[in-house]
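# Close look at the chain arrangement
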Amino acid sequence: MINTAKRLWNSFSDELQSAVYPAKCGLCSSWSDTPICDLCQEELKPVASPTIQGIEKVLSVYWYEGRASQAVRMLKYGSATQLAGAMADFMALAYTQDFADQIDWIVPVPIHWTRRFERGFNQSEMLAMALPADKLFCKGLQRIKPTSAQASLDRAHRLNSLKGAFNASKAVHGKRILLVDDVITTGATIEQCGHALKLAGAKQVNALSFACVP
Ligand SMILES: [Zn+2]
């Protein structure tokens, strides 16, 4: 009896809560039951695989434009944790379709500890949160060199500034690795992460990102 009353109260208070605080789309702010509404989802453009030197297979889920770039920027700079779950679900779907049985460990691209301190989280780790937890190895890579904001650097400069920026755990030896990142711009970050992982003996390196610059 008490349980029934509790259940009734819970479902009543859920309804009350959604009536008082109706859910909104994290991108366009229109009313929506999901963190990213149907219209915004339709605006996301699926992407093919970019190629990056030394990386076996690269998959980006969406082109980095419109709603997809808005989502990446809001996650990185606006701490939009409500969006993170929806974005992580898209990543998990791509993982299941394209990588599942071929991966030993999933390694999010690390940020330097100073930046992590500043931001409070690593967006790549957040995007990996819906991937199989038993394969997640967040300490597989370490960023040992802080790098300045690189958006303006061209590929050659970017590669150069990233040299020696990453250090891989010896535990990746003989393993098939999947790198996870929010956005692939020139591919230089993924390339250098792959290089560090191979130096530590990784058997194969793959990459999955939410977005990719056209
Ligand atoms: Zn929307």
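Reading the values: rules and limits
- Residues numbered from 1 in each chain as written.
- Predicted model: local features only at pLDDT ≥ 70, side-chain atom pairs only at ≥ 80, totals over all residues.
- Helix = DSSP H or I, 4+ residues; strand = E, 2+ residues; numbered from the N terminus.
- Buried ≥ 20, exposed ≤ 12 C-beta atoms within 10 Å, placed from the backbone.
- Contact = placed C-beta atoms within 7 Å.
- Pairing = 2+ DSSP bridges.
- Right-handed = clockwise from strand over helix to strand, strands pointing away.
- pLDDT = per-residue confidence, 0-100.
- Axes fitted to C-alpha atoms, helices over the stretch in contact; angles between N-to-C directions.
- Left-handed = near helix turned anticlockwise from the far one by under 90°.
- Nonpolar A, V, L, I, M, F, W, Y, C, P; charged D, E, K, R; others polar.
- Expected span 1.5 Å × (residues − 1).
- Arc of directions from axis to C-beta.

## A few points about the overall build of the protein
Of regular secondary structure, the protein possesses eight helices and six strands. Helices and strands appear in the protein in the N-to-C order α-α-β-α-α-β-α-α-β-α-β-β-α-β. In the protein, which comprises 214 residues, the proportion classed as buried is 38%. Put simply, 73% of the contacts in the protein that link residues at least 6 apart link residues at least 24 apart.

## Concerning the pairing of strand 5 (residues 176–184)
Buried residues dominate strand 5, accounting for eight of its nine residues. Looking at chain direction, strand 2 (residues 105–108) and strand 5 are connected through four bridges and run parallel. Along strand 5, the bridge assignment pairs V107 with L179. Running through helix 8 (residues 188–199), the crossover from strand 5 to the neighbouring parallel element strand 6 (residues 204–212) is right-handed.

## Focus on the pairing of strand 1 (residues 58–63)
Burial runs high along strand 1: five of the six residues are buried. Examined bridge by bridge, strand 1 and strand 6 share five bridges and lie parallel to one another. Of the residues in strand 6, the one forming a bridge with L59 is L208.

## Things to note about the confidence of the model for the protein
Residue-level pLDDT values for the protein average 87, and 86% of them are 70 or greater. Element-level pLDDT for the protein is lowest in helix 1 (residues 2–20), with a mean of 50, against a maximum mean of 98 in strand 2.

## Some remarks on the packing of helix 7 (residues 155–162) against helix 8
One can describe the packing of helix 7 onto helix 8 by two numbers: an axis separation of 9 Å at closest approach and a directional angle of 35°. Regarding helix 7 and helix 8, the two cross each other, and that crossing is right-handed. Contacts between helix 7 and helix 8 involve R155, R158, L159 and L162 from the former and A188, T189, E191 and Q192 from the latter. Among the residues forming the contact of helix 7 with helix 8, the class breakdown is three nonpolar, two polar and three charged.

## Things to note about helix 3 (residues 66–78)
Between its first and last C-alpha atoms helix 3 spans 17 Å; for 13 residues at 1.5 Å apiece the expected length is 18 Å, and the two agree. All of the buried residues along helix 3 are R67, A68, A71, V72 and L75. End-on view of helix 3: buried residues confined to an arc of 140°, all on one side of the axis. Among the exposed residues of helix 3, those pointing more than 90 degrees away from its buried face are Y77 and G78. Of the surrounding secondary structure, the elements contacted by the buried residues of helix 3 are helix 2 (38–43), strand 1, helix 4 (81–98), helix 6 (123–127), strand 5 and strand 6.

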